[in-house]
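Take a look at the letters that make up each chain.
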Amino acid sequence: MPRPLSLTLESRSGPSRREVVVDAAVIAGWTGRDPDAVEKHIKELEALGVKRPATTPIFYRVAAARLTTSDMIEAVGESSGGEVEFVLLQHEGRLWVGAGSDHTDREVEKCGVTVSKQLCDKPIGSVFWSYDEVAPHWDELILRAHLIEAGKRSLYQEGRVSAMMHPQALLDKYSNTGLRDGTAMFCGTLAARGGVRPTPELSFELEDPVLGRKIAHGYRVQILPILG
């Protein structure tokens, strides 16, 4: 049984601190709205040895216990990296939206994407907004991530969520009944500035410029040795 996550659920009625049990986690991949851009990225990754996905979008399942609000995760070797995504959460009959990092082992990804997803914890911010309150201006929301390289903080990803499929369109692709209660779904990411690479320290955020607020979280990776 996954451990409850201590989350703050924010709505018009105010913030509410909850112990939320997530018992199903989904990583949606290849969710770009522009099919030509998706195909271009697939070919780029094929050139690096990453196998073409069976479908687009595709929905990888990972252990719900991989979700964490911690500011530190452990990963084997130095090849893992994160990427900012918006995260949908179905809880008590209501849809919520937050931010997370689909941290992935990039070397294992060349052998099998599904396995690479499962190998790493998935950090999420502890705040989630009511989806109903951002739906009217959804495409205005902004995803952003920074990494630390050589002791310097630099912009890694930035762009509007409009680069990815709209949540309702994505959920329709996933299931004709939507998300069941206790499910969290990572919903796709943006191109990385300077290319995808390991991220030993990453901070990420989801910004709502219309309502003037942000969900922000950061974490570092404790590297575990590869001994054979």
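Relevant structure appears above.
Definitions and cut-offs
Residues numbered from 1 in each chain as written. Predicted model: local features only at pLDDT ≥ 70, side-chain atom pairs only at ≥ 80, totals over all residues. Heavy atoms only, no water. Helix = DSSP H or I, 4+ residues; strand = E, 2+ residues; numbered from the N terminus. Rg over C-alpha atoms; globule rule 2.2 N^0.38 Å. Buried < 20%, exposed > 50% of the residue type's maximum accessible area, 1.4 Å probe, protein only. Contact = heavy atoms within 4.5 Å. Areas by Shrake-Rupley, 256 points an atom, 1.4 Å probe, with all protein chains shown as cover. Lys, Arg positive; Asp, Glu negative; His and termini not counted. Charge placed at Lys NZ, Arg CZ, Asp CG, Glu CD. Salt bridge = Lys/Arg side-chain N within 4 Å of Asp/Glu carboxyl O. Pairing = 2+ DSSP bridges. Axes fitted to C-alpha atoms, helices over the stretch in contact; angles between N-to-C directions. Core = buried A, V, L, I, M, F, W, Y, C linked by side-chain atoms within 4.5 Å. Phe/Tyr/Trp six-rings, centres within 6.5 Å; stacked < 30°, edge-to-face > 60°. Lys NZ or Arg CZ within 6 Å of the ring centre and 35° of its normal. Arc of directions from axis to C-beta.

Each helix and strand in the protein chain was counted, giving five helices and 17 strands. The C-alpha radius of gyration computed for the protein chain amounts to 17 Å, which stays within 12% of the reference 17 Å derived for 228 residues, consistent with globular compactness. For the protein chain, the spread of C-alpha atoms along the three principal axes comes to 50 × 35 × 35 Å. Burial statistics for the protein chain: of 228 residues in total, 50% are counted as buried. Pairs at least 24 apart in sequence give 71% of the contacts found in the protein chain among residues at least 6 apart. A total of about 10,900 Å² of accessible surface is found on the protein chain, and carbon and sulfur atoms cover 51% of it. Distance between charge centroids for the protein chain: 1 Å, based on 27 positive and 31 negative side chains.

Looking now at the side chain of Lys122. Take Lys122: it is sitting in strand S11 (residues 122-123). For Lys122, a relative accessible area of 0% puts it in the buried group. Apart from the residues within four sequence positions on either side, Lys122 is in contact with Ile27, Arg66, Leu67, Thr68, Ser101, Asp102, His103, Thr104, Lys117 and Phe186.

Summed over the entire model, instances satisfying the criterion amount to 21 salt bridges. Among the ionic pairs, Glu140 bridges to Arg160, the shortest N-O distance being 3.5 Å. Placement of Glu140 in the loop between helix H4 (131-134) and strand S13 (142-149) and of Arg160 in strand S14 (residues 152-160) is noted, with a sequence separation of 20 residues between them. Take Arg160: its relative accessible area is 37%, and that puts it in the partly exposed class. Between Glu149 and Arg197 there is a salt bridge, and its shortest N-O distance comes to 2.8 Å.

So, about the sheet that holds strand S17 (residues 213-224). One open sheet accounts for five strands, arranged S6-S17-S16-S13-S14; its pairing is mixed. Strands at the two margins of the open sheet, each flanked by one partner only, are strand S6 (72-76) and S14. Neighbour-to-neighbour, the strand axes of the sheet open up by a mean angle of 25°, direction not taken into account. Pairing of S13 with strand S16 (residues 201-208) involves six bridges; the strand directions are antiparallel. If you follow Ile142 over to S16, its bridge partner there is Glu207.

One finds Phe86, Leu88, Val97, Trp138, Leu143, Met185 and Leu206 to be the most contacted residues of the largest nonpolar core, which totals 35 residues. Dropping the residues within four chain positions of it, Phe86 is found in contact with Val97, Gly98, Trp138, Leu143, Val161, Met164, Met165, Pro167, Met185, Phe186, Cys187 and Gly188. Counting 25 residues, the second-largest nonpolar core is a separate cluster that includes Leu5, Val22, Tyr60 and Trp96.

With that settled, consider the packing of aromatic side chains. Here the structure, examined in full by the defined rule, presents four aromatic pairs. Taken together through their ring pairs, the aromatic side chains of Phe86, Tyr131 and Trp138 make up a single cluster. Here the basic side chain of Arg213 rests over the ring of Trp129, its NZ or CZ set 4.2 Å away from the ring centre.

In space, the eight strands of this open sheet follow the order S2-S1-S12-S9-S8-S15-S3-S4, with mixed pairing throughout. This sheet does not close on itself; its edge strands, each paired only once, are strand S2 (14-20) and strand S4 (58-62). Between one strand axis and the next, the sheet turns by 30° as a mean value, whatever way the strands run. Where strand S3 (residues 24-29) meets strand S15 (residues 183-186), four bridges bridge the pair, whose relative direction is parallel. Across the sheet, residue Ala25 finds its bridge partner in S15, namely Ala184.

This paragraph deals with helix H5 (residues 167-174). Of the residues making up H5, those classed as buried are Pro167, Leu170 and Leu171. On an axial view of H5, the arc spanned by its buried residues comes to 95°, and they lie on one face. On its buried face, H5 sits against S3, S4, strand S8 (84-91), strand S9 (94-101), H4 and S15.

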